[in-house]
Amino acid sequence: MQKQPVFAFEPGQYMPQGAMQDVYRSQSSVRIVGGTYDAGKTFGSIAYMDAFAWLNPGARMTFVHRSLNRVYRNIVPSYEKFLGYKPTSRDDPNPTAVTRFGGERPEFFEYANGTRIYMNGLDKPQNLLSDFFDAGFVNQAELVPFEAWDELTARVSERAGTSPIAVLLGDCNPNVPHHWIRQQAKDNKLDYFRMSFLDNPEIIPDQKSARLIDFKRAFENDPDPKLLNKIMDLFTEPGLRRVEKLRNLEGLRFKRGFLGLWASGEGLVFQRFDPEIHIVDASIMPNWRRYLSVDWGTRNPSSVIWWAHSPDDRLYAYKEIYQTGLIKPDLIRLIKDNCDRYDRIQYAAVDSADQDGVEQLRRAGFRVNEPVKDRVAQIQGVQERLKVDRSGQPAIMFLRDRLVHPPDQDLKDEYRPVEVTDEFLSLSYNEKRKGTNRDDQDTVGDNHGVDGASYLVQSLKKKQSVGSGRVVHGSVTMRR
């Protein structure tokens, strides 16, 4: 007989499926649910937190991401989708069952029974690490350093005093095989649950179908994409389109996103790239030289990165545009709108093959540098800067939350990178390439931001003539 989940839901409302039922039944205080893309991990975890909030009046809870901005971009929209409404402010004449405190970027949500869910980012740990919580949900736990997770396990504790079992729940996408999540699960320090897109009721509504249950068992042993043709009639039309996108992923993204494997980075172009080392919180000094790197795109994303060059020859990416559907005049307008008084751009390093783009940038007042295109040299130049020197720092780093716009929804829907650091984590060499030269140009994956970065790296290697133009600036707040 099938066990019932711990939390009951009204007919027609959310009901956990697949391994998410095991998450709900678990009595462990530390749990992480992972697996393929589009498995409903985040939605199910948020539903768990909502049920916990109602069952534990007066509880103190928290939503957590590596950065506070991502809490508002990633977690809150899914939370409001689950609720079915946007929580009103507490003084609204017709308040909702869950209200918000703190405007459009609420500090917390408050339930009618007194429970509060606070918003916290690991980039702003003051409140998070000075309080105790009955429950916490960490979105994209694979991006969280182990030290921060370890601290969270101490903060989500029975010391908060409301729930008999404090629960720290995380969701994650597969990462490298030696990731701390895998190690902690192996050592029985957390309960790990694996989900699949086949568990998502938005993709396959009839989760109790005997055909589906039998297919899941067979597919787990032999996850051949062609086998999905046998159960196509069980998919919703939108679900079918979503799964087709997963089937069409390539390389490392296919292994992780479709197969749900914790696949190694073997074959990655930039194996030295480590988010814990290369994605930083840093201060950019006003007197450091500023540059742009530009890679044009329309159907593919246009990539523009603002760089600060420190006196000790380190590059810091501190603003970024990564967006599809932008024609050149609109992109240039967006660049100028997001320059402030500190952004006295020395020049923009651009693709010399696009002379129309070069000319339009010049007419907009930017000086332009056109490095000689050499794919091997470009890759090697960036690889060299990723190395950590004796000081413990690399020569190229990326500030968190660089995007000057919300992540491109079309790219998110296609499971493609939404910023340049995503490219570093997924760009790989073509496994079918001939010969043994790994520094060739036969790569698989998006490389628009990487190409732009490489143009600047090449430009800085030696002094080159810079075209006409003037140093320009515009109007956006500089982080200092």
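Look a little higher up for the structure.
All figures in this text were calculated on a predicted structure; none of them were measured in a lab. (Residues numbered from 1 in each chain as written. Predicted model: local features only at pLDDT ≥ 70, side-chain atom pairs only at ≥ 80, totals over all residues. Heavy atoms only, no water.)

A. Up close: the pattern of salt bridges. Summed over all chains, the structure comprises 35 salt bridges. Where Lys86 meets Glu104, a salt bridge forms, and the shortest distance between an N and an O atom there is 3.5 Å. With a gap of 18 residues between them, Lys86 in the loop between α3 (68-83) and β3 (88-89) and Glu104 in the loop between β4 (98-101) and β5 (108-111) connect regions that are remote in the sequence. Beyond isolated ion pairs, a larger network of salt bridges with shared partners links Asp38, Lys81, Glu202 and Arg242. (Salt bridge = Lys/Arg side-chain N within 4 Å of Asp/Glu carboxyl O. Helix = DSSP H or I, 4+ residues; strand = E, 2+ residues; numbered from the N terminus.)

B. Broad picture of unusual backbone geometry. Not every positive phi belongs to a glycine, and Asp38 is a case in point at roughly 60°. You can see Asp38 is positioned in the loop between β1 (30-35) and α2 (41-55). Relative accessible area serves as the criterion here: at 17%, Asp38 is assigned to the buried category. A positive phi angle, close to 60°, is found at Asn188, a residue other than glycine. Within the fold, Asn188 resides in the loop between α5 (180-186) and β9 (191-195). (Buried < 20%, exposed > 50% of the residue type's maximum accessible area, 1.4 Å probe, protein only.)

C. A look at the nonpolar core. Among the nonpolar cores identified, the biggest contains 35 residues, and Met61, Phe63, Tyr79 and Met119 are the most heavily contacted of them. Here this core gets eight residues from one element, more than from any other, and that element is α3. The residues touching Phe63, leaving out its near neighbours within four places in the chain, are Met49, Val71, Ile75, Tyr79, Ile117, Tyr118, Met119, Asn120 and Phe137. (Core = buried A, V, L, I, M, F, W, Y, C linked by side-chain atoms within 4.5 Å. Contact = heavy atoms within 4.5 Å.)

D. Main features of the sheet that holds β1. Taken together, the nine strands give an open sheet; going across it, the order is β3-β4-β5-β6-β2-β7-β8-β1-β9, and neighbouring strands pair in mixed fashion. The sheet is open, and its two edges are formed by β3 and β9, each paired on a single side. Here strand β2 (residues 60-65) pairs with strand β7 (residues 135-138) via four bridges, running parallel. Residue pairing across strands places Met61 opposite Ala135, the latter belonging to β7. Each of β1, β2, β7 and β8 (167-171) touches helix α4 (residues 146-155); the most contacted strand, β8, lies at about 150° to it. (Pairing = 2+ DSSP bridges. Axes fitted to C-alpha atoms, helices over the stretch in contact; angles between N-to-C directions.)

E. Expanded view of the packing of aromatic side chains. In this structure the tally under the stated criterion is 27 aromatic pairs. On the basis of an interplanar angle of 85° and a centroid distance of 6.1 Å, the ring pair of Phe219 and Phe258 is categorised as edge-to-face. With Phe219 in helix α6 (residues 210-221) and Phe258 in the loop between α8 (251-257) and α9 (275-278), the pair connects residues that are 39 residues apart, well separated along the chain. One aromatic cluster is present, built from ring pairs that chain together Tyr14, Tyr24, Phe43, Tyr48 and Phe82. Here the basic side chain of Lys328 rests over the ring of Trp296, its NZ or CZ set 5.5 Å away from the ring centre. (Phe/Tyr/Trp six-rings, centres within 6.5 Å; stacked < 30°, edge-to-face > 60°. Lys NZ or Arg CZ within 6 Å of the ring centre and 35° of its normal.)

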